[in-house]
Amino acid sequence: MSILTKTELKNWDNKKRLNLINSIGGVKPANLIGTISKSGNSNLAIFFSILHVQSHPAQLAFLLRPTDEHRRDSWENIKETDVFTVNAITTNLAERAHYTSAKFPKELTEFDLCKIKSYYSPNFLAPYVAESPIKIGCRYEEHHYLKSSRTTLIVGNIEEIIIEEYFIDPRGYIAFDKMNLVGIGGLNSYYNLEKFSEFPFARPENLPIFTDY
């Protein structure tokens, strides 16, 4: 077993250290965030930082990289129109979704360049990914600047969800393993999702008798 100290990591090759730290947190959900500007220019970008904030009111958040290094069209569009969509990525979509992270000119849209079909809901301004099995429409609520990393946490209220009902069981759980969804490890490694078990809600009185460890 290796113990890598902070000092030792500093001496690593920059790219190797970047790959390790970006992947050390494990496989994360892979999503495309769709936005649109006030003038009607759509944007699509891959994110692996989507997180659940709360269920009532229903909120999601995502982390935006430093805006002082590169142009962030997603954030600029959200500030203009207050809305964004979150779209799950399937195995068939993964390669095209990956290349939305390229720095294209602002006047061009990743929907066209990466051959991803858009879908517009009658009730929502921002574009969805047509082939995504889980489409979530969010309205901007607040943001928080994280000084230590110069990143921004953006929180949105869920306004609508577009999903086939047969993917939701009677309890409200989503059958992710039936959608061919992918997760991301690091910056460019993609993994299949597979359900292997389900446990009851954890309560002290329901604690099983575990075998020795």
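Structure: above.
Rules and cut-offs
Residues numbered from 1 in each chain as written. Predicted model: local features only at pLDDT ≥ 70, side-chain atom pairs only at ≥ 80, totals over all residues. Heavy atoms only, no water. Helix = DSSP H or I, 4+ residues; strand = E, 2+ residues; numbered from the N terminus. Buried < 20%, exposed > 50% of the residue type's maximum accessible area, 1.4 Å probe, protein only. Contact = heavy atoms within 4.5 Å. Areas by Shrake-Rupley, 256 points an atom, 1.4 Å probe, with all protein chains shown as cover. Phe/Tyr/Trp six-rings, centres within 6.5 Å; stacked < 30°, edge-to-face > 60°. Core = buried A, V, L, I, M, F, W, Y, C linked by side-chain atoms within 4.5 Å. Pairing = 2+ DSSP bridges.

> Which residues make up the overall build of the protein chain, and what values go with them?
Secondary structure assignment for the protein chain yields 5 helices and 12 strands. Each of the three principal axes of the protein chain carries a C-alpha extent, and together these read 60 × 50 × 35 Å. Expressed as a percentage of the 213 residues in the protein chain, the buried residues total 37%. Taking all contacts inside the protein chain whose residues are at least 6 apart in sequence as the whole, residues at least 24 apart take part in 60%. Accessible area for the protein chain stands at about 14,100 Å²; split by element, carbon and sulfur atoms hold 54% of it.

> Explain the packing of aromatic side chains to me, using residue names and the numbers behind them.
One pass over the structure, following the stated rule, counts 6 aromatic pairs. Seen in terms of ring centroids, F62 and F84 are 5.3 Å apart; in terms of plane orientation they differ by 70°. Their pairing is edge-to-face. One end of the pair, F62, is in strand β5 (residues 58-64); the other, F84, is in strand β6 (residues 83-88), with 22 residues separating them in the sequence. Across the pair, exposure class does not vary: F62 and F84 are buried alike. In this structure an aromatic cluster arises from ring pairing among F47, F62 and F84.

> Residues and numbers for helix α3 (residues 73-81), please.
Regarding α3, the residues found buried are D73, S74, W75, N77, I78 and T81. Residues of α3 that are buried make contact with β2 (31-36), β3 (42-47), β5, β6, β9 (135-146) and β10 (151-162).

> Could you give an account of the nonpolar core, with specific residues and numbers?
Considering soluble globular proteins, one finds that nonpolar side chains tend to be buried as a cluster. Core analysis: the largest hydrophobic core is formed by 20 residues, its most contacted members being I33, F62, F84, V86 and I134. Of all the elements in the fold, those that place two or more residues in this core are β3, β5, α3, β6 and β9. Setting aside chain neighbours within four positions, we find I134 in contact with V86, N87, A88, I162, I163, I174, F176, M179 and L181. Within the second largest apolar cluster, 14 residues are counted, among which are L32, I89, F111 and I184.

> For the sheet that holds strand β12 (residues 189-192), give the residues involved together with the corresponding values.
Pairing is antiparallel across the open sheet formed by 3 strands, whose spatial order is β1-β11-β12. Each edge of the open sheet is held by one strand with a lone partner, namely β1 (28-29) and β12. The pairing of strand β11 (residues 182-185) with β12 spans 4 bridges and is antiparallel. Each residue of the ladder has a partner; that of G183, found in β12, is Y191.

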